[in-house]
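So the chains spell out like this:
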Amino acid sequence: MTDYSIRPIPQFDRAIIAGAGMAFVVFGLLPMFGSALVVDKLTMLFIYIILAVTWNLLAGYAGLVSVGHQAFVGLGAYMMLRMVEAGVPPFIAIVAGGAVIALIAWPMAAFVLRLRAGEFAIAMWVLAETIRSLVMLDPYIQGETGRSLVVLNAYDPDMRRNTIYLMALVLAGAVIVISYRLLHGRLGGETQAIRDDEEAAGSVGVSTFRVKRIIFVLSAVGCALAGTLWLASAITFQPRTAFGIQWSVFMLFMVLVGGLGSILGPILGAVLFMTLQVIFGDFGVWYLAGLGIVAMLFALHVPRGIVGLLSEKMGREPITMQKLLNPKRT
Amino acid sequence: MNSPDLQSHLVARRLRKSYGSLKALDDVSFHVGKGEAVGIVGPNGAGKTTLFGALAGSFPVSGGQITFAGDDITHDPAETRCAMGIARTYQVPRPFLGMTVFENVMVAARAGGGLSAAPATDHAAKILEQTGLFALANTPAAALGLLDRKRLEVARALATSPDIILLDEIGGGLTEAELVQLIALIQSLKDNGMTIVWIEHILHALIKVIDRLVCMAEGRVLAAGDPNAVMQNADVRRAYLGSTPE
Ligand SMILES: Nc1ncnc2c1ncn2[C@@H]1O[C@H](COP(=O)(O)OP(=O)(O)OP(=O)(O)O)[C@@H](O)[C@H]1O
Ligand SMILES: [Mg+2]
C-alpha cells in the first residue's frame, strides 16, 4: 500500500487518445473508398509522422540533435533492396530492413554518443555521407544511378498501394504508441534528465550511456522504417535522394514547428508539413524557400511550436509527459 | 592522524586532480566511517567541492584510489557509485530544468534508488515533505529560487536512498529558523544510520551534527579530527580563520 499517487490522465487527454484511436480505425478502412491519390498522400504523411516522432524522441527528449539521421533512412531502404534481391518477400523486407538497422546503430552508438552535442550533430552528418559513399561502391547500386524495386511491379497496383499504406499506418501507430509508453515509464524521466543535465543525471543513478544508446537505436530503426516504406512507395532507390540531407531538414521542420519535446508536436508538425507539400509542392525552389520562411517565423515568434500555442490557450500541455503528484494522501 | 581503520566506509587515498597547472586536489587522503558525520571546512578554492566530485565520480581523478565498503570504485562511473549508495549535492544547484520538482526527485528514486513506479512515487512524496518542498511538488524546477533549488539538491540526493550523502554548502542563505530545521533534518538522517559528509562555512551549524572535522586549503588536508582541536590548530587558524574573519 502506498500513501501517494500520480494524477490520472485528464479527461481531455483521454478524449484526444480515444479520438486518435478512432482516426486509426477510419484510416484503416479508407482504402475501401479513398482515391489512389489520397492513399498515396496519406502513406507519405504516415512516413513523415514516423520520421518526426522518431527525431523528436532523440532531440526533444534525449537532447541529442542529429543532422545525419538520413543515414538510417538510406540504410533502411538499401537493406530492403538487398534483402529483396536475396529473395525476401518485399512486404516482409519493409519491416526486416528497418529492424536490422538496430544491429548497425548499436555499435555505432559506442562512438558517436561519446561526443559532445555539436560534435555529435556534425559526426552524424559526416557518417551519413560516408555511408552513402560506401553504399555507392556496391556494384548492385550502380553508383549514382541506383536501382529499382522491380519485384513490386509484379503486384497488382491497387493491392500494392493499399498494402504499403496499411503498413505505413500500422508502423506509424506503433512508433507513436511505443514512444509514448516508453516516455511514460522510467526511461522517459531518465532521458529528460540527461537532456537537462547529463552529469547531474549520472549523479542520481541514471546510466547515461545505456539510456542514450537505447534512444539512439530506436531512432535509427524508426528512420530506417521510414526509409523502407518510402522505397516501397517510390520504387526507385537513388543514393543521393535516399541519403539526402533533405530528410533531416524535413524532420527539423516538423518537430520545431510542431513543438520540440512534446508528444503531439511532431504529429501536428507532420500534418502541417504534408499540407504545405500538397499545396505548394509544385512550386519547386519556392516551396523550399517557403518552408525555410515558415520555420524561421516559428523560431522567432513561436519557439515552442504549435503545441506551445495550444498549451498557452489551455493553461497546460495536452497529452503531456509531465507527471503530477496528487496533493493529498490517498 | 591514524591510518583509516577497516571499519571506514568511504576511503580516499592520495587523491590528485589537476586543472592544467592548478592542483585542485594535491595528495588528499580522506575517510569516513559507517554512520559517522564528518564536516569539511576550508577557504574558497581549497578543493572541497572537487573532493566531492572525485568521491562521487563526477570526473576521473588524476591519481589516487577510492574504496567504498572495501571495493575499489576509483574507475566506476557516477551512476554505479550512486547505485552503491553514494549521493552528492551540487554547491551550485543543477536541477533538471525541464521537469517539475516532483519529477526531479522521481528520476532519482527510480534510477538511483531502483524503485518501481508506485513505491518511487511514495518515496519521492515523503522526501518532498521532509525537505519542505511538498507544496512545490508540481512546480517546474526552472521556476524555483536559489534556496528551493538547494532544497531540491538535498531531496534528489536523498531520493536515491543513499548510505552516504555528500552535502555541499546547503545551509548558506537560510534564516536562523530554517537553519535549525536543516540541522534537525541532517541529525535525523544521522540517527537513522546515514553517513554524512558536509561542507559548510557556517561552523556553528556544522558543529551541532558532526563527529569529526576536516580542514582543507590549497588542495591539501591541513588538519582532521576532533572539531574543537581542528579549529584550534595553528595552520587552520592561519589559513582558514585568517582569510575569512567571522
Ligand atoms: N572545472 C574546473 N576547471 C578549472 N578549474 C577548476 C574547476 N573546478 C574547480 N577548479 C579550481 O579548483 C580549485 C578548487 O575548487 P573547489 O571548487 O574544489 O574549491 P572549494 O573548496 O569548493 O571552494 P568554495 O568554498 O569556493 O566552494 C579552485 O581554484 C577552482 O578554481
Ligand atoms: Mg565548493
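The structure under discussion appears in the preceding block.
Conventions we followed
Residues numbered from 1 in each chain as written. Chains lettered and ligands numbered in written order. Predicted model: local features only at pLDDT ≥ 70, side-chain atom pairs only at ≥ 80, totals over all residues. Heavy atoms only, no water. Contact = heavy atoms within 4.5 Å. Buried area = accessible area lost by both parts, 1.4 Å probe. Salt bridge = Lys/Arg side-chain N within 4 Å of Asp/Glu carboxyl O. Polar contact = N/O pair within 3.5 Å; in protein donor to acceptor, adjacent residues only side chain to side chain. Helix = DSSP H or I, 4+ residues; strand = E, 2+ residues; numbered from the N terminus. Near = heavy atom within 4 Å. Areas by Shrake-Rupley, 256 points an atom, 1.4 Å probe, with all protein chains shown as cover. Nonpolar A, V, L, I, M, F, W, Y, C, P; charged D, E, K, R; others polar.

**A word on the interface of chain B and chain A**
Quoted interface sizes are often the accessible area lost when the parts come together.
At step 1: On the chain A side, the residues contacting the 33 residues of chain B number 33 residues.
At step 2: Of the roughly 2,700 Å² buried between chain B and chain A, counting both surfaces, carbon and sulfur atoms make up 57%.
At step 3: The largest per-residue losses of area from chain B upon contact with chain A belong to E79(B), F96(B) and N138(B), which jointly make up 19% of the total buried on that side.
At step 4: At the boundary of chain B with chain A, the tally comes to four salt bridges.
At step 5: For R88(B), the salt bridge goes to E199(A), with nearest N and O atoms at 3.9 Å.
At step 6: Across the contact surface, chain B and chain A share 13 residue pairs in polar contact (both at pLDDT 80 or more).
At step 7: Secondary-structure elements contributing two or more residues to the side of chain B that touches chain A are α2 (78-84), α3 (101-111) and α4 (117-130) of chain B.

**A word on the site of ligand 1**
Residue and element names in this part refer to chain B.
At step 1: If you check the shell around ligand 1, you find 14 residues, and the closest are N44, K48, T49, T50 and Q91.
At step 2: Separating an oxygen atom of ligand 1 from a side-chain N or O atom of N44 is a distance of 2.9 Å.
At step 3: Interatomic distance of 2.5 Å between a side-chain N/O atom of T50 and an oxygen atom of ligand 1.
At step 4: Protein contacts shield 63% of the accessible area of ligand 1, which totals 640 Å² for the unbound molecule.
At step 5: Looking at the shell around ligand 1, the elements that each hand over two or more residues are β2 (22-33) and α1 (48-56).
At step 6: Of all the elements, α1 adds the most residues to the shell around ligand 1, at three residues.
At step 7: Considered class by class, the residues forming the shell around ligand 1 number five nonpolar, seven polar and two charged.

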